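Per-entry structural report
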Amino acid sequence: PRASRAYSTLQNLKDASKPSSSSHSPSQGHRDHKKHHDHDRERHHERRHDDRSEAEDQVPWLAKQPLHPLSLADLVKHGRPPLSADALLASARFTLSLLPIRLAHRIQALRNLPYIVVSNPNIRKIYNNYQHSLSTLLPWQGRTISNLEDEIRFTEVLAELVQTHTDTIPILARGFLECRKYISPHEVTRFLDEHLRARIGTRLVAEQHIALHFSSTPHFDPGASPTPCPEHPSYIGVIDTALRPASTIDSCGGFVADICELNYGVRPQWVVDGEPDTTFAFVPMHLEYIVTELLKNAFRATVENGMNREPVVITIAPEPPDVKPQQPGVGLSLPAESRGAFDADAIAPLNDNAPGVTIRIRDRGGGIEPEVMPHVWGYSFTTFSDADDVPGAGSDDALSVISSASNGNSSIAGLGYGLPLSRAYAEYFGGGIAVQSLYGWGTDVYLRLKGVGRIEYVTYNPKFGN
Ligand code: ADP
Ligand code: K
Ligand code: MG
């Protein structure tokens, strides 16, 4: 019964379109007695206000705490699912030990932006989301998650946290676009590079525990409803130990071709060659993000260059296991000093022996103009405009792309976040992206991914609390 309750409450959270509506949805409000409801709501608001100011007070202190450098070993140390109840509790406690500090560091970084930028309603919304998430975690500090009831409630808090921060990117994009008079593109890229990399780690930690929870709880309660994520034997939480990039490319290719069909009325073709049966250990969500963005760029260039009949060729090359790890970011066009000074938490957990995969995406889209090339890694830099017939519509154009992104629709291009954010994902585990343009002909993008490595299991031993 515990597990099935967790399933249904978490499912509700997942289903709720907006995180803030999950506790006080209108339908729930209608069912409640009106007076009661208003009263509750006031109390809720007061409490929320108190929580927030408490969270505010704790930020300077928490932000001074060192960040635990995240390693892959941390994500898998509790074992292969289904976890024992003890291991699941240990995972919850470990997750709780990391998150408040990570959130406080982000809040501090937002506070360090120029005041006029933090006052922008969109940036402020992101800031408030962080304050809110921190306030939902603070009551858990100083107590031990020692039974499954606690673990279920904690997992609900994590699920809400993940949901709250889902739309961060279009909101930040809009905020920084509105503030472009007050902050240089260089400073924006610097902030976002650090912020979005840290966000990758924070979401990974939270999502890992949620995934471990779902794949473990039916184990304690055989009568529980089926888990939302069917059990894959090759998964450990959100990591797939036998991820096949060729399959990801085909499914993302289909999705991006659909978007092209909507935008341009044509479906570009693609072929996968090299060694399509290669598998490696990686986070599928990350690979999907990167591949989708790189295929959007390749397909858009192909169509706009009138080369629809030339397929985009994706070559998969597994790397011999003894290759020396490259410096992340080597060969990339943005000079190192103009990239973020990364927090310790954004540094990739390198596992030097992990076999990697290099994926080359080759298009006949005409390449990148030499004058454009130095800018492509900047957040919000784009050459996309779908309003050629509306003169002077430049920035409204970007805003319309952003609002469609906020509504969960995907545009072929226009946010300008595709390359820099893909690079952040690739570098997270020690890989990288390099763009090679043959101007007048086409573009090669080399995506090098360091596998997360051979996963050594540490059998959970309550005596050592590992
Ligand atoms: P967006 O796609 O939203 O414009 P990106 O960061 O993905 O943002 O790309 C930035 C710019 O880099 C694009 O607008 C385009 O000018 C250029 N670019 C990226 N990939 C390619 C490619 N394969 N062919 C030609 N130009 C490209
Ligand atoms: K860009
Ligand atoms: Mg793009």
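Residues numbered from 1 in each chain as written. Chains lettered and ligands numbered in written order. Predicted model: local features only at pLDDT ≥ 70, side-chain atom pairs only at ≥ 80, totals over all residues. Heavy atoms only, no water.

Things to note about the overall build of the protein
A count of helices and strands for the protein gives 14 helices and 8 strands. The buried share of the protein, reckoned over its 466 residues, is 50%. Considering only contacts within the protein whose residues lie at least 6 apart along the sequence, 83% involve residues at least 24 apart. Entry remark: accessible area of the protein is about 21,600 Å², with carbon and sulfur atoms responsible for 53%. (Helix = DSSP H or I, 4+ residues; strand = E, 2+ residues; numbered from the N terminus. Buried < 20%, exposed > 50% of the residue type's maximum accessible area, 1.4 Å probe, protein only. Contact = heavy atoms within 4.5 Å. Areas by Shrake-Rupley, 256 points an atom, 1.4 Å probe, with all protein chains shown as cover.)

What about the packing of aromatic side chains?
Per the stated rule, a full pass over the model turns up 8 aromatic pairs. Seen in terms of ring centroids, phenylalanine 280 and phenylalanine 282 are 5.3 Å apart; in terms of plane orientation they differ by 15°. Their pairing is stacked. A network of ring pairs unites the aromatic residues Phe280, Phe282, Tyr428 and Phe429 as a single cluster. When the ring centre of tryptophan 140 is taken as reference, the NZ or CZ atom of arginine 143 above it lies at 4.4 Å. Directly above the aromatic system of tryptophan 377 lies the positively charged group of arginine 423, at a separation of 4.4 Å from the ring centroid. (Phe/Tyr/Trp six-rings, centres within 6.5 Å; stacked < 30°, edge-to-face > 60°. Lys NZ or Arg CZ within 6 Å of the ring centre and 35° of its normal.)

Topic: the site of ligand 1
Close to ligand 1 lie 18 residues, the nearest being Asp363, Thr382, Thr383, Gly414 and Gly416. At 2.5 Å from an oxygen atom of ligand 1 is found a side-chain nitrogen or oxygen belonging to threonine 383. Here leucine 419 contributes a backbone N or O atom positioned 2.9 Å from an oxygen atom of ligand 1. In the complex, the protein chains occlude 93% of the 540 Å² of accessible area that ligand 1 would expose alone. Going through the elements one at a time, helix H12 (284–304) and helix H14 (418–428) are the ones with two or more residues in the shell around ligand 1. Within the shell around ligand 1, the residues separate by chemical class into 8 nonpolar, 8 polar and 2 charged. (Near = heavy atom within 4 Å. Polar contact = N/O pair within 3.5 Å; in protein donor to acceptor, adjacent residues only side chain to side chain. Nonpolar A, V, L, I, M, F, W, Y, C, P; charged D, E, K, R; others polar.)

Comments concerning the pairing of strand E2 (residues 239–243)
The pairing of strand E1 (residues 235–236) with E2 spans 2 bridges and is antiparallel. Of the residues in E2, the one forming a bridge with isoleucine 236 is isoleucine 239. Connecting E1 to the antiparallel partner E2 that follows it, the hairpin turn spans 2 residues, and glycine 237 within it adopts a positive phi of roughly 60°. As defined by bridge partners, E2 adjoins strand E4 (residues 280–282) across 2 bridges and the pair is classed as antiparallel. For aspartate 240, the partnering residue across the bridge sits in E4 and is phenylalanine 282. (Pairing = 2+ DSSP bridges.)

Regarding helix H9 (residues 168–178)
Along an α-helix, a turn takes 3.6 residues, which lines up residues three or four apart on a common side. Along H9, 9 of the 11 residues are buried, which leaves the element largely enclosed by surrounding structure. Among the residues of H9, those classed as buried are Thr168, Ile169, Pro170, Ile171, Leu172, Ala173, Gly175, Phe176 and Leu177.

What about the coordination of the potassium ion (ligand 2)?
For the potassium ion (ligand 2), the protein coordination sphere consists of Val376 (O), Gly378 (O), Phe381 (O) and Gly416 (O), at 2.7 to 2.9 Å. Exposure remark for glycine 378: the relative accessible area of 13% places this residue in the buried category. (Donors = N, O, S within 2.8 Å, 3.2 Å for Na, K, Ca; no water.)

Quick notes on the sheet that holds strand E8 (residues 442–450)
Judged by pairing direction, the sheet is mixed, and its 5 strands sit side by side in the order E3-E5-E6-E8-E7 without closing on themselves. The outermost strands of the open sheet, each flanked by one partner alone, are strand E3 (270–274) and strand E7 (432–438). Neighbour-to-neighbour, the strand axes of this sheet turn through a mean angle of 15°, independent of strand direction. Two strands pair when backbone bridges link them, and E3 and strand E5 (residues 312–318) are joined in this way by 5 bridges, in the parallel orientation. Along E5, the bridge assignment pairs glycine 274 with isoleucine 316. With respect to the sheet, helix H11 (residues 245–264) is in contact with E3, E5 and strand E6 (356–363), its orientation differing from that of E3 by roughly 165°. (Axes fitted to C-alpha atoms, helices over the stretch in contact; angles between N-to-C directions.)

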